[in-house]
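Residue strings, one per chain:
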Amino acid sequence: MTVGVVAGVEGTTVPSTRRAQFRFSDGETREVAVSAGQTVLDAAHSNGVRLASQCEVGNCCSCAASLTSGDARMPEGLVTPLTRGEIAAGQRLLCQSVAHTDVTFDVEYPSSLLEANPPVEFEAKISRLTWLADSVVQLDLKVPKSQRFRFTAGQYCRIKVPGTQEWRSYSMASGEHEQGKLSFLVRVLPTGTMSDFLRTGARAGVKLELEGPRGAFVLEPSNRPHLLIAGGTGLAPMLSMLDRIRLLRPTPPIVLVFGCVREADLFHLEELEARMSFMPSLKVKVSLEQETVRPGIAYGNPLSVLESSDVPTGSIAYLCGPPGMIAAAEEKLAGFGLVPADIRSEQFLAS
């Protein structure tokens, strides 16, 4: 690789291009050149290396990776979901990081993940819109038979709001082996571009533009005990994962902890009961943050109802919900003996 130089102090030269190496969880590596001032993520994408990303403005953690050597810095004063401790430990958002030396990053997913099913843009029709709760809609889409679309349980798609240039990201709630159908769970806000469309313009037959699959929050098939923790519509990828886990032989023990804030926000209780009926290894715990007397529903948040017996030795955990829940869950699971490598998480922000 040819490295350019620029004039430095007192006649010295400073490389204008750095090398960034990415080490994937399957042992594969990729290396790209990073120009001066260019973000590491942009350099990777420009050189054909697929890395997980979503917002690309520093608001989410989809592109987070661990800096293991070199100097890569994010802008001073940047507000990110990463904690000071995580940054001190080497975590960086690749969409915001600029390489000041040659750098090496560890990413927590295999190189084949994004290469096997590269994102595609396509249209799908709304087949059904179902209000599951006061603030939750299930959006079912029919994918044309001619469209090749594959994803791994846990991934998401971007959906363009009709009549706008706005895109929103939602995890698939449907199984990865379902043919011609995609389902999403959408939190409907009092105001919002997608929320307004779902209330007033969404109906069967309307075409939507989609782009995906995206994301590295995916199920890694294993016979280890599984712990799934979901807040609100963070249940969506967990449903997709359950469809994949139930095909494993033997089916591992699974604990799903699902929490909402208000009773009016609760949804899919019958769906979860049905899944337990045909998945004997599945245990479901449901919680409400507002006090309730409903049988079978605990008072508290998903973490307050989590017990050490739900996290047997050797467990692998999947977390999906708001940033605060994710951070608190990671801390609590560490107290139960889980190491960071055994915890996968996807945080979402209301939009």
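To be clear, the structure that these remarks concern was listed above.
Residues numbered from 1 in each chain as written. Predicted model: local features only at pLDDT ≥ 70, side-chain atom pairs only at ≥ 80, totals over all residues. Heavy atoms only, no water.

(A) A look at the pattern of salt bridges. Across all of its chains, the model carries 22 salt bridges by this definition. Put simply, aspartate 106 and arginine 23 hold a salt bridge, and the shortest N to O gap is 2.7 Å. Within this pair, whereas aspartate 106 is found in strand β9 (residues 103-106), its partner arginine 23 is found in strand β3 (residues 17-23), the two being separated by 83 residues in sequence. Overall, the relative accessible area of 34% leaves arginine 23 in the partly exposed class. We note a salt bridge from glutamate 271 to arginine 275, for which the minimum N-O separation is 2.7 Å. In this pair, glutamate 271 and arginine 275 are both assigned in helix α6 (residues 269-278), 4 residues apart and thus about one turn of the helix distant. Glutamate 271 gets classed as partly exposed once you look at its relative accessible area, which sits at 29%. The buried category is assigned to arginine 275, whose relative accessible area is 7%. (Salt bridge = Lys/Arg side-chain N within 4 Å of Asp/Glu carboxyl O. Helix = DSSP H or I, 4+ residues; strand = E, 2+ residues; numbered from the N terminus. Buried < 20%, exposed > 50% of the residue type's maximum accessible area, 1.4 Å probe, protein only.)

(B) Summary view of the packing of aromatic side chains. The full count for this structure, using the stated rule, is 6 aromatic pairs. Look at phenylalanine 149 and phenylalanine 151: their rings are 6.0 Å apart centre to centre, the planes differ by 35°, and that puts the pair in the tilted class. Judged by relative accessible area, which is 8%, phenylalanine 149 ranks as buried. Relative accessible area serves as the criterion here: at 6%, phenylalanine 151 is assigned to the buried category. Measuring from centroid to centroid gives 5.3 Å for phenylalanine 258 and phenylalanine 267, while their planes differ by 75°, and the two rings are edge-to-face. As far as the burial class goes, phenylalanine 258 and phenylalanine 267 line up, both buried. (Phe/Tyr/Trp six-rings, centres within 6.5 Å; stacked < 30°, edge-to-face > 60°.)

(C) Focus on the nonpolar core. Core analysis: the biggest nonpolar cluster contains 33 residues, and Leu235, Met238, Leu256, Phe258, Phe267 and Tyr318 have the highest contact counts within it. Secondary-structure elements contributing two or more residues to this core are β16 (226-231), α5 (235-245), β17 (254-260), β18 (282-288) and β20 (316-321). The leading source of residues in this core is α5, at 7 residues. Ala72, Leu82, Leu93 and Cys95 belong to the second largest nonpolar core, which has 30 residues in total. (Core = buried A, V, L, I, M, F, W, Y, C linked by side-chain atoms within 4.5 Å.)

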